[in-house]
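# Secondary and tertiary structure notes
What follows is the residue order along each chain.
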Amino acid sequence: MTARLKDVTDFDTLRRDWLAHLANERRLSPKTLEAYGRDLGQFSAFLEGHLGGPASLADIAALKPFDLRAFLGQRRRENVGNRTLMRQLASLRSFARFGERTGKLKAAAFAATRGPRIGKSLPRPLDARAAKAVTQVDIRAGEEREAWVLARDAAVLALLYGCGLRISEALSLTRAQAPTSAGDTLTVIGKGQKTRMVPVLPAVVTAIAEYIALCPWRLPPDGPLFLGVKGGALSPRIIQLAVEGLRGALGLPSSATPHSLRHSFATHLLGRGGDLRAIQELLGHASLSTTQIYTRIDSTRLMAAYDAAHPRAGR
């Protein structure tokens, strides 16, 4: 085996070791692992054309910020947005840091390359009236859907708004985890396998109980709590479609999604004097700065109300 061929093989080995590290030690979600692996694969394909052949570790170590910017430029020409470009750069930086820690790669260009700027957009929560309406079964009473399906969708949406869960967290609950009385708590495993405890409101308990009572399928304790019409695990897409249908019925904007109920949960708690640290724990945010964006929403609404109501506003 020639030295160059061995170096290319070492690159492939380092890539596999990096992904194993992300899965086993960083405990990233399967979807994140898939995205990171795809990012590095796209970069490898770019380098093959950019360098005239498969990249070796020596090639990667010799890269300059110019080469990284050329990759980002090519991706932009393929209509890739700034957020995706930032994630791809983060993936490459993670790979380079892992290579440096293991003593197999030194690649300063990754840390020295600046990514595209991303304007921070505020989450768009629903108002309290709309958020409550979305979780009500009778809103969809006119649809030609079985009663248990409507109860199921309402129970899932009640978890998103009443407990601040991500849709993936709600759909990962087992039958044994279903709350049975007011004051119960849910043990939720969120991003990065981080565990948190979330209190459950009486309305959420009632919604789940109504769904369980109507569900025609057997719900074994260790099986998924929420099932599709064929008895398999419920797909997130079904809940997304249910919310899309509710937009017309309730006159909601296109920003109304299952995830906007999680935003509504945080915004409404904060608006009623909820402690920011407590909201951080309920949402499972690793950093308080992530939760602080909801303070910007609250202050924005306050100023909008002031501008609309004060006699001297805007004068």
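Shown above is the structure to which this text applies.
Residues numbered from 1 in each chain as written. Predicted model: local features only at pLDDT ≥ 70, side-chain atom pairs only at ≥ 80, totals over all residues. Heavy atoms only, no water.

In terms of helices and strands, the chain carries 15 helices and two strands. Each of the 315 residues in the chain was classed as buried or not, and the buried ones make up 41%. Counted over contacts in the chain with a minimum sequence separation of 6, partners at least 24 positions apart contribute 63%. As presented, the chain carries roughly 17,100 Å² of accessible surface, and 54% of it is formed by carbon and sulfur atoms. (Helix = DSSP H or I, 4+ residues; strand = E, 2+ residues; numbered from the N terminus. Buried < 20%, exposed > 50% of the residue type's maximum accessible area, 1.4 Å probe, protein only. Contact = heavy atoms within 4.5 Å. Areas by Shrake-Rupley, 256 points an atom, 1.4 Å probe, with all protein chains shown as cover.)

On to the side chain of R75. Within the secondary structure, R75 sits in helix α4 (residues 65-77). Residue R75 is classed as buried on the basis of its relative accessible area, which comes to 12%. A distance of 2.5 Å separates a polar atom in the side chain of R75 from a polar atom in the side chain of E78. (Polar contact = N/O pair within 3.5 Å; in protein donor to acceptor, adjacent residues only side chain to side chain.)

Another aspect to go through is the packing of aromatic side chains. Under the defined criterion, the tally for this structure stands at nine aromatic pairs. Considering the side-chain rings of F43 and F71, the 5.0 Å spacing of their centres and the 75 degrees angle between planes classify their relative orientation as edge-to-face. One end of the pair, F43, is in helix α2 (residues 30-51); the other, F71, is in helix α4, with 28 residues separating them in the sequence. Among the aromatic residues, those joined into a ring-pair cluster are F11, W18, Y36 and F95. Residue placement shows R15 over the ring face of F11; its charged tip is 5.1 Å from the ring centre. (Phe/Tyr/Trp six-rings, centres within 6.5 Å; stacked < 30°, edge-to-face > 60°. Lys NZ or Arg CZ within 6 Å of the ring centre and 35° of its normal.)

Compared with an ideal rise of 1.5 Å per residue, which puts 20 residues at 28 Å, helix α5 (residues 82-101) spans 28 Å between its outermost C-alpha atoms and is within 8% of the ideal. Directly after α5, the chain includes G103, whose backbone phi takes a positive value near 75 degrees. (Expected span 1.5 Å × (residues − 1).)

Moving on to unusual backbone geometry. One non-glycine residue, R27, lies in the positive phi region at around 55 degrees. Its place among the elements puts R27 in the loop between α1 (3-24) and α2. Overall, R27 belongs to the partly exposed group, its relative accessible area being 43%. At N79, a position not held by glycine, the phi torsion is positive, near 65 degrees.

This part covers the packing of helix α8 (residues 147-163) against helix α12 (residues 258-271). The N-to-C vectors of α8 and α12 enclose an angle of 30 degrees; their axes lie 7 Å apart at closest approach. When the interaxial angle is binned, α8 and α12 end up roughly parallel. Across the interface between the two elements, L157, L160, Y161, G162 and C163 of α8 pack against P258, L261, R262, S264, F265 and H268 of α12. Broken down by class, the residue content of the contact of α8 with α12 amounts to seven nonpolar, three polar and one charged. (Axes fitted to C-alpha atoms, helices over the stretch in contact; angles between N-to-C directions. Parallel < 35°, antiparallel > 145°, perpendicular 65-115°, else oblique. Nonpolar A, V, L, I, M, F, W, Y, C, P; charged D, E, K, R; others polar.)

Regular strands show a simple pattern: their side chains alternate between the two faces of the sheet. With burial as the criterion, only one face of strand β2 (residues 195-199) is covered, namely that bearing R196 and V198; the residues T195, M197 and P199 on the opposite face remain uncovered. Between the antiparallel neighbours strand β1 (residues 185-189) and β2 lie five residues, among them G192 with a positive phi of about 65 degrees. (Pairing = 2+ DSSP bridges.)

So, on to the nonpolar core. Among the nonpolar cores identified, the biggest contains 53 residues, and V134, L157, L159, L165, Y211, F226 and L261 are the most heavily contacted of them. Taken together, the elements giving at least two residues each to this core come down to α7 (128-134), α8, α9 (167-171), β1, α10 (202-214), α11 (236-250), α12 and α13 (276-283). Looking at which element gives the most residues to this core, the answer is α8, with 11 residues. Not counting the four nearest positions on each side in its chain, V134 is found in contact with L126, L157, L246, L250, L252 and L261. (Core = buried A, V, L, I, M, F, W, Y, C linked by side-chain atoms within 4.5 Å.)

A few words on α8. With 17 residues, α8 ought to run about 24 Å at 1.5 Å a step, and its terminal C-alpha atoms sit 24 Å apart, in line with that. The buried fraction of α8 is high, at 16 of 17 residues. Trailing α8 by a residue or two, G164 shows a phi angle of about 75 degrees, which is positive.

This part covers the pattern of salt bridges. Under the criterion given, the structure shown has 10 salt bridges. For E78, the salt bridge goes to R75, with nearest N and O atoms at 2.5 Å. Each member of the salt-bridge network shares a partner with another, and the members are R140, R152 and D153. (Salt bridge = Lys/Arg side-chain N within 4 Å of Asp/Glu carboxyl O.)

Quick look at the pairing of β1 now. Going residue by residue along β1, you find L186 and V188 tucked away on one face and T185, T187 and I189 left uncovered on the opposite face. Where β1 meets β2, five bridges bridge the pair, whose relative direction is antiparallel. Paired with V188 across the two strands is R196, which belongs to β2.

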